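If you want the building blocks of each chain, they are given just below.
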Amino acid sequence: MSQQRKTLPAEDGFSMPGEHQPHSEVWMSWPMRPDNWRMGAKYAQQAFVAVASAIARRTPVVMLVNHAQYANARMQLPAQIKVVEMSYNDCWMRDMGATYLLNQAQQRRGVSWQFNAWGGLVDGLYFPWDLDNAVAEKMLNLTEDDIYCAPFILEGGSIHSDGEGTLYTTEECLLHPSRNPGLSKRQIETHLQNYLGIDKVVWLPQGLYDDETNGHVDNIMHVVKPGEVVLTCCDDPSDPQYAISKKAYQVLSSQSDAKGRAIKIHQLPMPGPLYMSEQEAEGIEPSAGMKRQAGERLGASYANFLISNGQVIFPLLDERTDQQARDVLQQAFPEHQLIGVEAREIVLGGGNIHCITQQIPRSKSLAG
């Protein structure tokens, strides 16, 4: 049974592992919002099935589904994928799900962050978001892991851990006025240290250009392993992403990680730029929060992939750059199997493979 802990994870010896460490499961949730996913999420659902099926080759997958979509999801998903009924507002599992922690004995607990749909009443993407905000605690109860309730707003896509004391994030997101305006940068660092058991925060100035999450780190870079990252780079000086990526590269090149290592950087190409077509925009129902229109630039990035148990599941986004991205990732992950999944339907909704997944690290009780 899960219980709520009144102490701090760092005090109890718990910290956030790296994504490259072994997983027991990966959790996802089924898309259904017609104001975010075109044609009632019909095409997005097919993309989610493809992602889940790829992950399930080596890692068990749990798919959350609301009551109305349960039969549809169960019919479309392979039999080995577990389908669990749960209510939620939208399907970004990385951001609404729990962040899991391990101690040195490989015992597991988790953090439930406060969630406000990427901006609350300032610039949030939808209202209400109360169902999403309840998912993390429900998740931890189902996995029977003790819960730390964090007293501040944070999304899982805004942080990357190397599992050895280094956390990567962006100033654009964590210091945004729509998150925790009452907290200073130093106070936020203290919260991250307390709740994630990390020793050093590496702050990138910005995330991907025009990212509606206010610059999540997982859409511009990814941790390969301790001391090594991949970063989205742009070779067009006239593109706004060029200066953003250049500055990120400078920051990563000039800093060491928590263990004093220089950070090795693999440069990923940027797809596109990609834009929403008129046909794609016509299939989306209008809403107050999410502005979806033809010609809108998509937040497309190859860095938005998932590492899970010797696999890298990455998005296929642009036939002009897909192979180059695969080559860079294969160099960064020489021992991993790379699986590319057609992901345009996911990026149309504002994120990608990393955003729609949340891994659960393998604990001692599950390690055999």
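The structure under discussion appears in the preceding block.
Since the model is a prediction, treat every value here as computed from it, not as a measurement.

Thresholds applied
Residues numbered from 1 in each chain as written. Predicted model: local features only at pLDDT ≥ 70, side-chain atom pairs only at ≥ 80, totals over all residues. Heavy atoms only, no water. Helix = DSSP H or I, 4+ residues; strand = E, 2+ residues; numbered from the N terminus. Buried < 20%, exposed > 50% of the residue type's maximum accessible area, 1.4 Å probe, protein only. Pairing = 2+ DSSP bridges. Right-handed = clockwise from strand over helix to strand, strands pointing away. Axes fitted to C-alpha atoms, helices over the stretch in contact; angles between N-to-C directions. Contact = heavy atoms within 4.5 Å. Phe/Tyr/Trp six-rings, centres within 6.5 Å; stacked < 30°, edge-to-face > 60°. Lys NZ or Arg CZ within 6 Å of the ring centre and 35° of its normal. Arc of directions from axis to C-beta. Core = buried A, V, L, I, M, F, W, Y, C linked by side-chain atoms within 4.5 Å. Salt bridge = Lys/Arg side-chain N within 4 Å of Asp/Glu carboxyl O.

Lay out unusual backbone geometry with the relevant residues and their values.
Here the bond from Phe-127 into Pro-128 is cis, since omega is 0°, no more than 30 degrees from zero. In this fold, Pro-128 is placed in the loop between α4 (120–123) and α5 (130–133). Cis geometry marks the peptide bond from Gly-272 to Pro-273; its omega dihedral reads 10°. By secondary structure assignment, the location of Pro-273 is in the loop between β12 (264–268) and α10 (278–282). One non-glycine residue, Met-39, lies in the positive phi region at around 55°. Among the secondary structure elements, Met-39 is positioned in the loop between β1 (23–29) and α1 (42–55). Positive phi outside glycine occurs at Asn-214, with the angle close to 65°. Turning to its location among the elements, Asn-214 is positioned in the loop between β9 (200–204) and β10 (221–225). Overall, the relative accessible area of 9% leaves Asn-214 in the buried class.

So what about the pairing of strand β8 (residues 166–170)? Which residues, and what values?
Where burial is concerned, most of β8 is hidden: five out of the five residues are buried. Here β8 shows no split at all, with Thr-166, Tyr-168 and Thr-170 on one side and Leu-167 and Thr-169 on the other all buried. For strand β7 (residues 160–161) and β8, the ladder comprises two bridges, and the chain directions are antiparallel. Looking across to β8, one finds that Ser-161 is bridged to Leu-167. Strand direction decides the pairing type here: β8 and β9, joined by five bridges, are parallel. Paired with Leu-167 across the two strands is Val-201, which belongs to β9.

Give a detailed account of the pairing of strand β11 (residues 228–232), specifying residues and quantitative values.
With five of its five residues buried, β11 lies for the most part within the structure. Covered by surrounding structure in β11 are Glu-228, Val-230 and Thr-232 together with Val-229 and Leu-231, the residues of both alternating faces. Bridge analysis of β10 against β11 gives four bridges, and the strand direction is antiparallel. The residue of β11 that forms the bridge with His-222 is Val-230. Linking two consecutive strands that pair antiparallel, namely β10 and β11, is a turn of two residues; a positive phi of about 80° is found at Gly-227 within it. As judged from the five bridges shared by β11 and β12, these two strands associate in the parallel manner. Across the sheet, Leu-231 pairs through a bridge with Gln-267, a residue of β12. In the classification by handedness, the crossover that spans β11, the intervening helix α9 (residues 240–254) and the parallel β12 is right-handed.

Account for the sheet that holds β1, with residues named and values stated.
Spatial strand order, β3-β2-β1-β16: four strands in an open sheet with mixed pairing. In the strand order of this sheet, the two ends are held by β3 (82–85) and β16 (358–361), each with one partner. The sheet shows a mean angle of 25° between the axes of neighbouring strands, direction not considered. Summarising the sheet, β1 and β16 pair through four bridges and their orientation is antiparallel. From the neighbouring strand, Trp-27 faces β16, where its bridge partner is Gln-358. Strands in contact with α1 are β1 and β2 (61–65); relative to β1, the strand with the most contacts, it is inclined by about 175°.

Account for the packing of aromatic side chains, with residues named and values stated.
Remark: the centre distance and the inter-plane angle together describe each pair of aromatic rings, the angle taken between the planes. For the structure shown, the criterion picks out eight aromatic pairs. Measuring from ring centre to ring centre gives 6.0 Å for Phe-152 and Tyr-195, while their planes differ by 65°; the resulting arrangement is edge-to-face. Of this pair, Phe-152 sits in strand β6 (residues 146–153) while Tyr-195 sits in helix α8 (residues 185–196), placing them 43 residues apart in sequence. One exposure class covers both Phe-152 and Tyr-195, and it is buried. Following the ring pairs from residue to residue traces out a cluster consisting of Trp-37, Phe-48 and Trp-92. The side chain of Arg-33 reaches across the aromatic face of Tyr-126, ending 4.4 Å from its centre.

Break down helix α11 (residues 322–332) for me, with residues and values.
Along an α-helix, a turn takes 3.6 residues, which lines up residues three or four apart on a common side. Three or more residues of α11 are buried, namely Asp-322, Ala-325, Val-328, Leu-329 and Ala-332. Buried residues along α11 cover an arc of 130° about the axis, so they all sit on one side. Those residues of α11 that are buried lie in contact with β10, β11, β12, β14 (311–316) and β15 (337–342).

Break down the nonpolar core for me, citing the residues and quoting the values.
In terms of nonpolar packing, the biggest core is built from 81 residues, with Met-28 and Leu-77 touching the most fellow members. If you tally residues by element for this core, the top one is α1, at eight residues. Setting aside its immediate chain neighbours within four residues, Leu-77 contacts Trp-30, Val-49, Ala-52, Met-63 and Val-83. Core analysis: the second largest hydrophobic core is formed by 20 residues, Phe-14, Val-111, Tyr-195 and Ile-198 among them.

Tell me about the pattern of salt bridges, and name the residues and values.
Evaluation of the coordinates by the stated rule reveals 16 salt bridges. One salt bridge in this structure joins Glu-345 and Arg-38, with 2.7 Å as the shortest N-O distance. Residue Glu-345 is located in helix α12 (residues 344–347), and its partner Arg-38 is located in the loop between β1 and α1; the two are separated by 307 residues in the primary sequence. You'll find Glu-345 and Arg-38 in the same group, each marked buried. Several salt bridges share partner residues, and in doing so they unite Glu-164, Asp-257 and Arg-261 into one network.

So far we have only geometry, and geometry alone does not tell us how the molecule works.
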